[in-house]
Amino acid sequence: MAKLLVRNLAISLDGYVAGPNQGPDNPIGEGGMRLHEWVFATRTGNEWSGTEGGETGIDDDFVKAGDVGIGATIMGRNMFGPIRGEWQDEEWKGWWGDNPPYHHDTFVMTHHPRQSLPMAGGTTFHFVDDTPEEVLRQAVKAADGKDVRLGGGSSVVRQFLRAGLVDEMHLAVVPILLGGGERLYDDLGTLPGYVVGSVVRSPSVTHVTFTRA
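These numbers were taken from a predicted model, which means no experiment stands behind them.

(A) Spatial organisation of the pattern of salt bridges. In total, this model carries 6 salt bridges according to the counting rule given. Notably, a salt bridge pairs Arg 183 with Asp 186, separated by 2.9 Å at the nearest N-O pair. Residue classification places Asp 186 among the partly exposed positions, given a relative accessible area of 33%.

(B) View of the environment of Ala 2. Topologically, Ala 2 is positioned in the segment before β1 (4-12). A relative accessible area of 19% places Ala 2 in the buried class. Between the C-alpha atom of Ala 2 and that of His 36, which follows or precedes it by 34 residues, the distance is 28 Å. Ala 2 has contacts with Val 140, Lys 146, Asp 147 and Asp 167, leaving out every residue within four places of it along the chain.

(C) Quick look at the sheet that holds strand β5 (residues 117-118). The 9 strands lie next to each other as β5-β6-β4-β3-β7-β1-β8-β11-β10, forming an open sheet whose pairing is mixed. Each edge of the open sheet is held by one strand with a lone partner, namely β5 and β10 (194-201). As paired strands, strand β3 (residues 70-76) and strand β7 (residues 147-150) are joined by 4 bridges and run parallel to one another. Note that in β7 the partner of Ala 72 across the bridge is Val 148.

(D) A look at the environment of Asp 186. Inspection of the secondary structure assignment puts Asp 186 in the loop between β9 (182-183) and β10. Between the alpha carbons of Asp 186 and Arg 158 there is a distance of 8.1 Å; along the sequence they are 28 residues apart.

(E) Fine view of helix α2 (residues 58-65). Considered for burial, the residues of α2 that qualify are Asp 59, Asp 60 and Val 63. Within α2, the buried residues cover an arc of 95 degrees as seen down the axis, which keeps them to one side. At its buried positions, α2 is contacted by β1, α1 (43-48) and β11 (206-212).

(F) Seen up close, unusual backbone geometry. The step from Gly 152 to Gly 153 runs through a cis peptide bond, and the omega angle for that step is 0 degrees. Examined against the element boundaries, Gly 153 turns out to sit in the loop between β7 and α5 (154-162). Even without glycine at this site, Asn 21 takes up a positive phi of about 60 degrees. Examined against the element boundaries, Asn 21 turns out to sit in the loop between β2 (16-18) and α1. The class of Asn 21 is exposed, set by a relative accessible area of 53%. The phi dihedral of Asp 144 is positive, around 55 degrees, even though this residue is not glycine. Residue Asp 144 is classed as exposed on the basis of its relative accessible area, which comes to 68%.

(G) Here's a closer look at the nonpolar core. Formed by 31 residues in total, the largest nonpolar core has its most connected members in Leu 4, Ile 74, Leu 150, Phe 160, Val 166 and Met 169. At the level of secondary structure, the elements contributing two or more residues to this core comprise β1, β3, β4 (105-109), α4 (132-143), β7, α5, β8 (168-174) and β11. Once you skip the residues sitting within four places of it in the chain, Val 166 turns out to touch Leu 4, Val 6, Leu 150, Phe 160, Leu 161, Tyr 194 and Arg 212. With 11 residues, the next largest nonpolar core counts Trp 38, Val 39, Val 63 and Val 205 among its residues.

(H) Region of interest: a nonpolar patch on the surface. On the surface, Met 33, Phe 40 and Trp 48 cluster together into a nonpolar patch covering about 360 Å² of accessible area. Residue placement: Phe 40 occurs in the loop between β2 and α1.

Calculation rules
Sequence order as written defines the numbering, with residues in each chain counted from 1. Under the rules for a predicted model, residues below a pLDDT of 70 receive no local features and side-chain atom pairs below 80 are neither given nor counted, while totals for whole chains, interfaces and linings still include all residues. Note that water and hydrogens are dropped before the side-chain values are worked out from all heavy atoms of the structure. Take a side-chain nitrogen of Lys or Arg and a carboxyl oxygen of Asp or Glu: if they are within 4 Å of each other, that pair is a salt bridge. Only protein chains enter the accessibility calculation, which uses a 1.4 Å probe. A residue is then buried if its area is under 20% of the maximum for its type, exposed if over 50%, and partly exposed in between. Secondary structure follows DSSP: runs of H or I at least 4 residues long count as helices, runs of E at least 2 residues long count as strands, and numbering of each begins at the N terminus. What makes two residues a contact is simply this: any of their non-hydrogen atoms within 4.5 Å. By the convention used here, strands pair only if DSSP detects at least 2 bridges between them. Each C-beta atom gives one direction from the helix axis, and the arc is the one those directions make. Among buried residues, those of type Ala, Val, Leu, Ile, Met, Phe, Trp, Tyr and Cys that are joined through side-chain atoms within 4.5 Å constitute a nonpolar core. A residue counts toward a patch only above 30% relative accessible area and without a salt bridge, and it is joined to like-charged neighbours within 9 Å or, for Val, Leu, Ile, Met, Phe, Trp and Tyr, to nonpolar neighbours within 5 Å. Methods summary: accessible areas were calculated by the Shrake-Rupley approach with a probe of 1.4 Å, and residue burial reflects only the protein chains presented.

Okay, here's the thing in structure tokens:
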């Protein structure tokens, strides 16, 4: 049975997955890129950018595993782009250029749906305004037996956690303080129904995996 997985979600010590003042010049908010420096120090991260080198080991293993067995992705509108409210037009096609890194059906949760957007490499963005349960149903169908990945931002992840729909969540805890931005842990209480499955530390980050009890 397909699972809903959060993979490689980088988070600061004070619980932020993006810094404040997100916008075209700061896609992950002010200071937010520091959350992802560990990724681009790995061999897999270097391969994404078309360069050689990079570290192997624990961090690289987690980055590489993040794409294994994934057949569809769900994300929030803030992850897709900086535009808020009604779409002024449909020119914005995401941060990733003509060939996004997903290569499968990707569901963007938004209160302002628009026509599906097919891209090079097999990615098609679907803009949906529905409950987490219904969006997950659509994603599971599109995944065709594979698992579904839940991307950011924090608001979308919280919605699925509160609904008890996330089967497994891997957080990469980065030893920095952002002091503001998009916080994951707000309104989640003690994450009832979830337990810590594993804790693995590298010199750069601490990988914490939560599983549904």
